[in-house]
Amino acid sequence: MTMSRHGDGVNGNRSSDALRSLDEFDKAVQSNNLQSIVNYLETQDISSLTDAQLQSIFDAIEIATAESDANTVNTRLLEEAKAVEFRSLDRVRAQMTKLYLLLREGGRLQAFGAIARQAPKSSRFSSENPPGPIYPAAGSKIVTPTILEDISGMEMINLTPQPTNMLLYGGAALAVLEGVISLYFHINFNLLVAFTLLLAVADQVLVSGAVFETALRMVLPEMTTRITKHEAGHFLCAYLLGCPVEGVVLSTWAALQDGRFGGRSTRAVSAGTSYYDLDMSEQISGLKPLTRDSIDRYSIIVMGGIAAEALEFGRADGGAGDEEALVRFLRSLNPRSNNSVKAWTPELIRNQARWGATQAVLLLKEYKPCYDALVDALERGGDLGSCVVAIENAAKREGLGWLRKPLGTILEDGEFGKWVVGYENPDVIRNGESDVVGTTNGSTNGVPTYGEDPITSTEEFLQKYREQMEKKLQSIDEQLAELDSKPK
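Residues numbered from 1 in each chain as written. Predicted model: local features only at pLDDT ≥ 70, side-chain atom pairs only at ≥ 80, totals over all residues. Heavy atoms only, no water.

In the annotation of an unreviewed UniProt entry, the protein is listed under the name Peptidase M41 domain-containing protein and assigned to Cyclotella cryptica.

What follows is the structure, encoded as structure tokens:
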């Protein structure tokens, strides 16, 4: 009897503690105070969180970041009166980053940061942590169009955003419609055209072209699918690279209602994915030196939408703005003096874009189940929490997590390079007489590969790359000269 009553008391205390714990969790989540959620989770077994609880945490993240007073951008003025935008340092987003990392270290997020500097401490692979991030393609950072075509299985042009002529076709159709209306209702055609132009200007100025976009979606239903899959590419690449995602919108109307995407305070808004890179923000703000890792992460995420479209539809129509963003960013790293040597030349910028696209293609292929689950969640109108849960459930179901080794290696072999699938040795791959170093802070044929060195290592890489390209061009010129000299 005594033991029975004692046992009931223990169970009662445990039930009471559990209820109190759930009540504290609910209060923390409902307050949308991310620091309160962090404080709560630091005292709990994070791995036992249910999907519903995980989703509620990300709902709080979405609300807190949307309501943040710091929904502005840290604008770095560039040459030619252009600007590149990054999230400014923000207390709420710093808390969001801590929350993401806490969930990852607690074993609840398996795919977040899968392409990161280190495996989570909760992972059985944490003892294998390399000194730098492991990207899907190791080895040389010189990516020729041939290499990119070999890896993606597509021609280079399919990974280059192409004009769709939708405006031309839409304008022609509208002109025909106005002609019919003019004849049928006896309305002056010039008056109709002037009225239409006025409406178009008002649409662009007042709602960033949302009305025209809606009309296009009605005529071209595939446009909605393309936008969804494009943004899913950005979302998943950022997520896998360990950059917390705070939200995604799939239309201009949605962007107008969300301060994270500019809202009505910005003239040009559109569908997009909002993520936060704390390291990049600190480096752009001047608190830390800019590292090559940050440049590479940004390149992969920016090219993720183009890569997704190309993989899903065979070619990329959207993404011209993404390419322009990468170009502006890399140009901003050049010395401002007109007499200085430009480190990021057009060819080197194109190479970085190809490198980013290569890594993004491999990531999306390797984590295809996560991508498909994310697209499905977005198509069903899922919020941030639904998207994260979908990614994580797919990763768990398919056994996907931390990328332990590269999927292949880019070798400096011949004029165009060579892609070798597989990575048997985590330290070095022997290629003839040259060693190709992948995961260490080393170099490939004298060209720096990975590491967290400041921008000076980028300059070293660019100098080595330029020297190699000049040698290759000289070799090609000599071969062409020999061909011309031969009797025909």
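Further notes follow.
**Overview of the overall build of the protein**
Looking only at helices and strands, the protein features 17 helices and eleven strands. Surface accessibility of the protein: about 24200 Å² in total, with carbon and sulfur atoms responsible for 55%. (Helix = DSSP H or I, 4+ residues; strand = E, 2+ residues; numbered from the N terminus. Areas by Shrake-Rupley, 256 points an atom, 1.4 Å probe, with all protein chains shown as cover.)

**Observations concerning unusual backbone geometry**
Even without glycine at this site, Asn-32 takes up a positive phi of about 60°. Secondary-structure assignment places Asn-32 in the loop between helix 1 (2-30) and helix 2 (34-41).

**Comments concerning the sheet that holds strand 7 (residues 418-421)**
The sheet built from three strands is open, its strands ordered 3-6-7 with mixed pairing. Looking along the sheet, the strands with just one partner apiece sit at the ends: strand 3 (137-139) and strand 7. Across the sheet, the axes of successive neighbouring strands diverge by a mean angle of 30°, strand direction being ignored. (Pairing = 2+ DSSP bridges. Axes fitted to C-alpha atoms, helices over the stretch in contact; angles between N-to-C directions.)

**Overview of the side chain of Glu-412**
Mapped onto the elements of the fold, Glu-412 is located in the loop between strand 6 (408-411) and strand 7. On the basis of relative accessibility, which here comes to 17%, the residue Glu-412 falls in the buried class. Among the polar contacts made by the side chain of Glu-412, one reaches the side chain of Ser-140 at a distance of 3.0 Å. (Buried < 20%, exposed > 50% of the residue type's maximum accessible area, 1.4 Å probe, protein only. Polar contact = N/O pair within 3.5 Å; in protein donor to acceptor, adjacent residues only side chain to side chain.)

**Side note on the pattern of salt bridges**
In this structure the tally under the stated criterion is 15 salt bridges. We note a salt bridge from Glu-312 to Lys-229, for which the minimum N-O separation is 3.0 Å. Placement of the pair is Glu-312 in helix 12 (residues 292-313) and Lys-229 in helix 9 (residues 222-240), with a sequence separation of 83 residues. In this structure, the salt-bridge partner of Lys-368 is Asp-372, at a minimum N-O distance of 2.8 Å. In this pair, Lys-368 and Asp-372 both sit in helix 15 (residues 368-379), four residues apart, roughly one turn of the helix. The class of Lys-368 is partly exposed, set by a relative accessible area of 32%. Within this structure, Lys-229, Glu-312, Lys-368 and Asp-372 form a network of salt bridges that share partners. (Salt bridge = Lys/Arg side-chain N within 4 Å of Asp/Glu carboxyl O.)

**Structural notes on the side chain of Asp-322**
Within the element layout of this structure, Asp-322 appears in helix 13 (residues 320-332). Each residue touching Asp-322, except ones within four places of it in the same chain, is listed here: His-230, His-234, Val-302 and Ile-306. (Contact = heavy atoms within 4.5 Å.)

**Observations concerning the nonpolar core**
By size, the foremost hydrophobic cluster in this structure holds 100 residues, and its most contacted members are Ile-57, Tyr-100 and Tyr-367. Excluding residues that lie within four positions of it along the chain, Tyr-367 makes contacts with Ala-114, Ile-115, Leu-236, Leu-240, Leu-400, Gly-401, Trp-402 and Leu-403. (Core = buried A, V, L, I, M, F, W, Y, C linked by side-chain atoms within 4.5 Å.)

**Some points on the packing of aromatic side chains**
Applying the stated criterion across every chain, the model contains eight aromatic pairs. Pairing Phe-58 with Tyr-100 gives two aromatic rings, centres 5.1 Å apart and planes at 70°, and the pair type is edge-to-face. Here Phe-58, found in helix 3 (residues 51-66), pairs with Tyr-100, found in helix 4 (residues 91-105); they are 42 residues apart in sequence, far enough to count as distant. A single burial state applies to Phe-58 and to Tyr-100, both of which are buried. (Phe/Tyr/Trp six-rings, centres within 6.5 Å; stacked < 30°, edge-to-face > 60°.)

**Details of the pairing of strand 7**
Bridge count between strand 6 and strand 7: four bridges; the pairing is antiparallel. Paired with Gly-408 across the strands is Val-421, a residue of strand 7.

**Points about the packing of helix 15 against helix 16 (residues 384-398)**
At a minimum axis separation of 8 Å, helix 15 and helix 16 run at an interaxial angle of 150°. With respect to each other, helix 15 and helix 16 are oriented roughly antiparallel. Of the two possible hands of crossing, helix 15 and helix 16 adopt the one that is right-handed. Seen from helix 15, the contacting residues are Pro-369, Cys-370, Ala-373, Leu-374, Ala-377 and Leu-378; seen from helix 16, they are Ser-386, Cys-387, Ala-390, Ile-391, Ala-394, Ala-395 and Glu-398. Grouping the amino acids of the contact of helix 15 with helix 16 by side-chain chemistry returns eleven nonpolar, one polar and one charged. (Parallel < 35°, antiparallel > 145°, perpendicular 65-115°, else oblique. Left-handed = near helix turned anticlockwise from the far one by under 90°. Nonpolar A, V, L, I, M, F, W, Y, C, P; charged D, E, K, R; others polar.)

**Observations regarding helix 14 (residues 346-366)**
The end-to-end C-alpha distance of helix 14, which contains 21 residues, comes to 30 Å, matching closely the 30 Å that a straight helix rising 1.5 Å per residue would cover. With 16 of 21 residues buried, helix 14 is to be regarded as a mostly interior element. (Expected span 1.5 Å × (residues − 1).)

**Considerations on the packing of helix 3 against helix 4**
Orientation of helix 3 relative to helix 4, taken along the N-to-C sense of each, is 165°, at an axis distance of 10 Å. On the basis of the axis angle, helix 3 is roughly antiparallel to helix 4. Of the two possible hands of crossing, helix 3 and helix 4 adopt the one that is left-handed. Each of Leu-54, Ile-57, Phe-58, Ile-61, Ala-64 and Thr-65 in helix 3 lies in contact with helix 4, whose residues at this interface are Val-92, Arg-93, Met-96, Leu-99, Tyr-100 and Leu-103. Taken together, the residues of the contact of helix 3 with helix 4 break down into ten nonpolar, one polar and one charged.

**Side note on the environment of Met-154**
Turning to its location among the elements, Met-154 is positioned in the loop between helix 5 (145-152) and helix 6 (166-185). With a relative accessible area of 13%, Met-154 lands in the buried category. Spatially, the C-alpha atoms of Met-154 and Arg-315 are 8.4 Å apart, while their sequence positions differ by 161 residues. Those residues within four positions of Met-154 in sequence are excluded, and the remaining contacts are Glu-149, Leu-159, Ala-310, Leu-311 and Gly-314.

**A word on the environment of Thr-160**
Secondary-structure assignment places Thr-160 in the loop between helix 5 and helix 6. Sequence-wise, Thr-160 and Ala-307 are 147 residues apart; in three dimensions their C-alpha atoms are separated by 9.4 Å.

**Notes on a nonpolar patch on the surface**
On the surface, a nonpolar cluster with roughly 470 Å² of combined accessible area is contributed by Tyr-184, Phe-185, Ile-187 and Leu-191. Mapped onto the secondary structure, Ile-187 falls in the loop between helix 6 and helix 7 (189-207). Judged by relative accessible area, Ile-187 falls into the partly exposed class, the value being 33%. (Patch = residues over 30% accessible without salt bridge, like charges linked within 9 Å, V, L, I, M, F, W, Y side chains within 5 Å.)

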